[in-house]
Amino acid sequence: MRVHDLSAGEAVLARVHDVAREAAVLYGLRDAEVTLVNVSENATYRIDDPATGERRVLRVHRLGYHAAPAILSELAWLEALRREAGVRTPEVIPAPGGERVLTVPGAQPRHCVLFEFLPGAEPSRDDALVAGFWRLGALTARMHRHARAWRPPAWFTRFHWDHDAALGAESRWGRWRDGAGVDEEAGAVLGRLDAELRERLRRFGRGPERYGLIHADLRLANLLVTGDGEPSVIDFDDCGFGWHLYDLAAALSFIEHDPRVPELVDSWLRGYRTVAPLSVEDEAEVWTFVMFRRLLLVAWIGTHTGVETAAELGAAYTEGTCELAERYLSGAL
């Protein structure tokens, strides 16, 4: 996989900003102020309408990641979660013509989706985070329970987050061997980790009690909290079919080395079990999924050089991954 297009430099981002402005016009918000919030898998903009004082969120999709049917499938699930499971997700605002996925024409047409602006802020990493993981575990279990019972529309299509898609032949976010700082020594350690993960995931299996439709990116940046209430869930762009425990691993993204991780895991598991069962065998593989996600993020950093988080972490994240891999492989985690 090549570096994705939003990491290709300021010229690309300038063109994407023009797309965002054109999308605002097509949504009937001609005089709105368009402000870039962040760039990750897609570019996210805040849209402020001076006529009404309302604020919205516009997502401009990267090229080559999702076709329109897959985006519509994402929107179908997040809306079903809000309607049927009481999970707070952002409402989709259709274009004047009724389009839920608006395609802005041009030399490289881009898909856009407009969402309501939800209140709240990303959870802080203070002492309250452990209690927050209890609530997150319970919320995640509700999402999994809904997905198991939900009957999606016949046209529903989302990708998988199994080993082959994440680290194998597809390598959706690129090859971990092309990650920042992956030299010969790091490659040897991570190669042993990859082989162990492949085998353990094969043994773990993909039964319906373990594998199904998941958010796949339930990290802190995709949660919004207000007070002590349950968090709102945003950014379902990576949702697809994967192991349920992958959602726990995603929640620990970029903080896998934090000394509070055992407490966070325990809190999440206790919260999860208030809603849905989780076997002892499942719990025994938690670190398999943490390391699976961590190795995937090594690949992600290598192909998302234009993303601020990736640039900040760089080779140091690979070095930390090697340290955790040695502990995992020796049975110390």
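Just above, that's the structure.
Residues numbered from 1 in each chain as written. Predicted model: local features only at pLDDT ≥ 70, side-chain atom pairs only at ≥ 80, totals over all residues. Heavy atoms only, no water.

### Here's the deal with the environment of Pro-96
Here is step 1 of the chain: Mapped onto the secondary structure, Pro-96 falls in the loop between strand E4 (92-93) and strand E5 (102-104).
Here is step 2 of the chain: Classification of Pro-96 by relative accessible area gives exposed; the value is 64%.
Here is step 3 of the chain: Along the sequence, Pro-96 and Tyr-27 sit 69 residues apart, while their C-alpha atoms lie 6.2 Å from each other.
Here is step 4 of the chain: Contacts of Pro-96, omitting those with residues within four sequence positions, involve Leu-26, Tyr-27 and Gly-28. (Helix = DSSP H or I, 4+ residues; strand = E, 2+ residues; numbered from the N terminus. Buried < 20%, exposed > 50% of the residue type's maximum accessible area, 1.4 Å probe, protein only. Contact = heavy atoms within 4.5 Å.)

### With respect to the packing of aromatic side chains
Here is step 1 of the chain: Tallying each qualifying case throughout the model produces 16 aromatic pairs.
Here is step 2 of the chain: Taking the centre distance of 5.3 Å and the plane angle of 75 degrees together, the rings of Phe-159 and Trp-161 count as edge-to-face. One exposure class covers both Phe-159 and Trp-161, and it is buried.
Here is step 3 of the chain: Ring plane angle 70 degrees and centroid distance 5.4 Å describe the contact between Phe-204 and Phe-289, whose orientation is recorded as edge-to-face. A residue pair is termed long-range when its members are at least 10 positions apart, and Phe-204 in helix H5 (residues 184-204) and Phe-289 in helix H9 (residues 286-303) qualify at 85 residues.
Here is step 4 of the chain: You can call Phe-204 buried: its relative accessible area is 10%.
Here is step 5 of the chain: On the basis of relative accessible area, Phe-289 is assigned to the buried category, the value being 1%.
Here is step 6 of the chain: The residue whose ring lies beneath Arg-55 is Phe-117, and the NZ or CZ to ring-centre distance is 5.4 Å. (Phe/Tyr/Trp six-rings, centres within 6.5 Å; stacked < 30°, edge-to-face > 60°. Lys NZ or Arg CZ within 6 Å of the ring centre and 35° of its normal.)

### A closer look at the pairing of strand E1 (residues 33-39)
Here is step 1 of the chain: Pairing of E1 with strand E2 (residues 43-48) involves six bridges; the strand directions are antiparallel. Within E2, the position partnered with Asn-38 by the bridge is Thr-44.
Here is step 2 of the chain: Joining the antiparallel neighbours E1 and E2 is a turn of three residues. (Pairing = 2+ DSSP bridges.)

### Description of the pattern of salt bridges
Here is step 1 of the chain: Under the counting rule described, the total for this entry stands at 24 salt bridges.
Here is step 2 of the chain: The shortest N-O distance in the salt bridge between Arg-206 and Asp-162 comes to 2.9 Å. Remark: Asp-162 occurs in the loop between helix H3 (129-149) and helix H4 (163-166) and Arg-206 occurs in the loop between H5 and strand E7 (211-214); sequence separation between them is 44 residues.
Here is step 3 of the chain: Classification of Arg-206 as partly exposed rests on a relative accessible area of 43%.
Here is step 4 of the chain: Salt-bridge contacts for Glu-285 lead to Arg-200; the nearest nitrogen and oxygen are separated by 3.0 Å. One end of the pair, Glu-285, is in the loop between helix H8 (280-283) and H9; the other, Arg-200, is in helix H5, and 85 residues separate them in sequence.
Here is step 5 of the chain: For Glu-285, a relative accessible area of 12% corresponds to the buried category. (Salt bridge = Lys/Arg side-chain N within 4 Å of Asp/Glu carboxyl O.)

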